[in-house]
Amino acid sequence: MASLKAGILGCGKISSAYFEGTSAFKDVIEVVACADQIREAAESQAAAYRIPKVQTADELLQDPEIDIIINLSPPQGHVPMNRAALENGKHVYSEKPFGLNMLQADGLLELASEKGLHITCAPDTVLGGVHQTCRELIEEGLIGVPNSATAFFANPGHEHWHPNPEFYYLTGGGPLFDMGPYYLSALAQMLGPATSLSARTTRAFDKREIFSEPKKGQWMNVEVKTHTTGLIDYKSGPVATTLFSFDCMGKSRLPTLEIYGSEGSLTVPDPNHHTGEIFFRPKYKDDEAVPLRHTYEASRGIGPADMAAAIIAGQNPRASGEIAYHVLEIMESFELASNQRSTLD
């Protein structure tokens with residue numbers, strides 16, 4: 001079967017990683033069109049990456065040549081655009097989060113199933129050699145029986161580097177919905193599904209100053225909570241301590257992700273990336289570096305490529321919509337648990 005044809009919807013800053021990342025997998029996927037609400041952005045990316053067609057969103061969704069829509073629109077557009085793509089008979093790979101809330105995303109998985117289509121979702125970092133190696137080590141019993149985990153993301157926010165940081169502080173943004181999917185997806189693939197959680201959420205600032213160009217000196221409103229800490233119980237037994245914050249004004253020294261077991265601990269590299277060093281600490285001993293078992297190059301784009309390869313082979317993609325929906329359920333439940341000062345099942 002020939003490679004599947006894809007169109008990228010949304011040509012903002014992250015799109016370059018997808019144009020570049022998918023180009024390494026032309027045997028299964030080829031980006032042939034792109035669209036953006038700012039046409040000049042789509043034209044610029046099309047010229048830079050030699051994409052033959054620049055279209056409107058409607059033209060892209062209705063293009064009979066397109067098999068897969070790679071939806072890189074802002075979070076507020078994920079569900080509407082994903083639903084429109086499915087209704088037009090396209091498979092979908094969406095940037096995270098899967099939706100703004102479960103009510104909004106309700107029915108997407110069923111719609112895809114009814115139409116015989118696949119819907120998948122970032123992050124695809126869990127498909128990289130680093131995280132696949134960590135998963136195998138845990139499954140093989142390197143650390144014994146997993147009993148707990150930690151996942152920490154804490155920094156001063158994106159206004160010090162992103163040219164348009166405002167949307168990170170609107171509904172669908174914040175450290176939890178922006179960065180949480182990387183950590184929660186990694187925990188899901190290593191520990192399985194969550195069963196209950198408790199959490200607390202806060203916001204340090206109602207307005208934040210932009211320090212990046214071209215909007216340096218401007219102020220933006222903060223709609224979302226910018227600090228979330230939570231405890232998650234997993235069906236397999238472990239409990240995870242998590243922290244997601246844009247309110248850490250000095251650089252954090254916390255480990256990004258660690259899994260603790262009866263026979264030792266595993267330090268997992270930052271799940272925001274496909275690469276990094278793995279360290280194993282046997283019981284009562286010091287760190288040992290663990291060699292990668294999978295050394296293929298990976299970047300943003302391996303998720304759509306894995307999806308295309310699975311479709312061609314008649315299999316299910318690994319960055320599944322089901323996992324993304326479960327991660328969305330966890331994230332939404334964090335704020336509900338905080339508001340109710342309770343534990344949610």
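Residues numbered from 1 in each chain as written. Predicted model: local features only at pLDDT ≥ 70, side-chain atom pairs only at ≥ 80, totals over all residues. Heavy atoms only, no water.

(A) Seen up close, the overall build of the chain. A tally of helices and strands in the chain yields 10 helices and 16 strands. Relative to the compact-globule value of 20 Å for 345 residues, the chain shows a C-alpha radius of gyration of 20 Å, a close match. Based on the C-alpha atoms only, the size of the chain along its principal axes is roughly 60 × 50 × 35 Å. Looking at the chain as a whole, 54% of its 345 residues qualify as buried. Pairs at least 24 apart in sequence give 71% of the contacts found in the chain among residues at least 6 apart. Charge separation in the chain, taken as the distance between the mean sites of 28 positive and 43 negative side-chain charges, equals 3 Å. (Helix = DSSP H or I, 4+ residues; strand = E, 2+ residues; numbered from the N terminus. Rg over C-alpha atoms; globule rule 2.2 N^0.38 Å. Buried < 20%, exposed > 50% of the residue type's maximum accessible area, 1.4 Å probe, protein only. Contact = heavy atoms within 4.5 Å. Lys, Arg positive; Asp, Glu negative; His and termini not counted. Charge placed at Lys NZ, Arg CZ, Asp CG, Glu CD.)

(B) Quick look at unusual backbone geometry. Omega for the bond connecting K96 with P97 falls within 30 degrees of zero, at 0°, which places this linkage in the cis form. Looking at the secondary structure, you find P97 in the loop between β5 (91-94) and α5 (102-105). Between E213 and P214 the backbone carries a cis peptide bond, its omega angle lying at 10°. Relative to the assigned elements, P214 resides in the loop between β9 (207-209) and β10 (219-221). A positive phi angle, near 55°, is found at R50, a position not held by glycine. As for its position among the elements, R50 is in the loop between α2 (39-49) and β3 (53-55). By relative accessible area, R50 is classed as exposed at 77%. Phi angles above zero are rare outside glycine, and Y284 is one such case at about 65°.

(C) Focus on the sheet that holds strand β7 (residues 146-154). Taking strand neighbours across the sheet as the criterion, the eight strands line up as β8-β11-β12-β7-β13-β14-β15-β16 in an open arrangement whose pairing is mixed. With one partner strand each, in any of the chains shown, β8 (194-202) and β16 (288-290) form the two edges of the open sheet. Taken pair by pair, the neighbouring strands of this sheet meet at an average axis angle of 15°, ignoring direction. Bridge analysis of strand β15 (residues 278-282) against β16 gives three bridges, and the strand direction is antiparallel. By the bridge assignment, F280 is partnered in β16 with E288. Its contacts with the sheet put helix α10 (residues 321-340) on β8, β11 (227-234) and β12 (239-245), and the angle it makes with β8 is roughly 50°. (Pairing = 2+ DSSP bridges. Axes fitted to C-alpha atoms, helices over the stretch in contact; angles between N-to-C directions.)

(D) Molecular detail of the environment of G217. Tracing the sequence through the fold places G217 in the loop between β9 and β10. G217 sits in the partly exposed class, given a relative accessible area of 38%. A sequence separation of 22 residues divides G217 from V239, and the C-alpha atoms of the two residues are 42 Å apart. What G217 contacts, discounting residues up to four positions off in sequence, is E209 and I210.

(E) Expanded view of the sheet that holds strand β4 (residues 68-71). The strand order across the open sheet formed by six strands is β3-β2-β1-β4-β5-β6, and the pairing between neighbours is parallel. Because the sheet does not close on itself, it has two edges, and the strands there are β3 and β6 (119-121). Here the strands of the sheet are splayed against their neighbours by 25° on average, with no regard to which way each runs. In this sheet, β4 lies alongside strand β1 (residues 4-9) in parallel orientation, the contact comprising four bridges. Bridged to G7 within β4 is I69. Most of the contacts of α2 go to β3, to which it runs at about 170°, and overall it touches β2 (29-35) and β3. Each of β1, β2, β4, β5 and β6 is contacted by helix α9 (residues 302-313), which is oriented at about 155° to β5, the strand it contacts most.

(F) Quick look at the nonpolar core. Counting 71 residues, the largest nonpolar core has L184, L187, I232, I259, L266 and F334 as its most contacted members. Broken down by element, the residue count for this core peaks at 10 residues, all from helix α8 (residues 174-191). Aside from chain neighbours lying at most four places away, what touches L187 is A149, A151, G192, Y234, A240, T242, L257 and I259. Counting residues in each nonpolar core, the second largest holds 22 residues, with I8, C11, I68 and I311 among its members. (Core = buried A, V, L, I, M, F, W, Y, C linked by side-chain atoms within 4.5 Å.)

(G) Geometry of the pattern of salt bridges. By the definition in use, this model includes 15 salt bridges. R135 is the salt-bridge partner of E139, the closest N and O atoms lying 3.0 Å from each other. Here E139 pairs with R135, and both are found in helix α7 (residues 129-139), just four residues apart, close to one helical turn. Between D287 and R281 there is a salt bridge; the shortest N-O distance is 3.4 Å. Judged by relative accessible area, which is 21%, R281 ranks as partly exposed. Here the salt bridges share partners, and the residues they tie into one network are K53, D63 and E65. (Salt bridge = Lys/Arg side-chain N within 4 Å of Asp/Glu carboxyl O.)

(H) Looking closely at the packing of α8 against α10. Following both chains from N to C, one finds α8 and α10 inclined at 125°, their axes separated by 10 Å at the closest point. Put simply, α8 runs oblique to α10. Classified by chirality, the crossing of α10 by α8 is right-handed. In this structure, α8 contributes L176, F177, P181, L184 and S185 to the contact, and α10 contributes V327, L328, I330, M331, E332 and F334. (Parallel < 35°, antiparallel > 145°, perpendicular 65-115°, else oblique. Left-handed = near helix turned anticlockwise from the far one by under 90°.)

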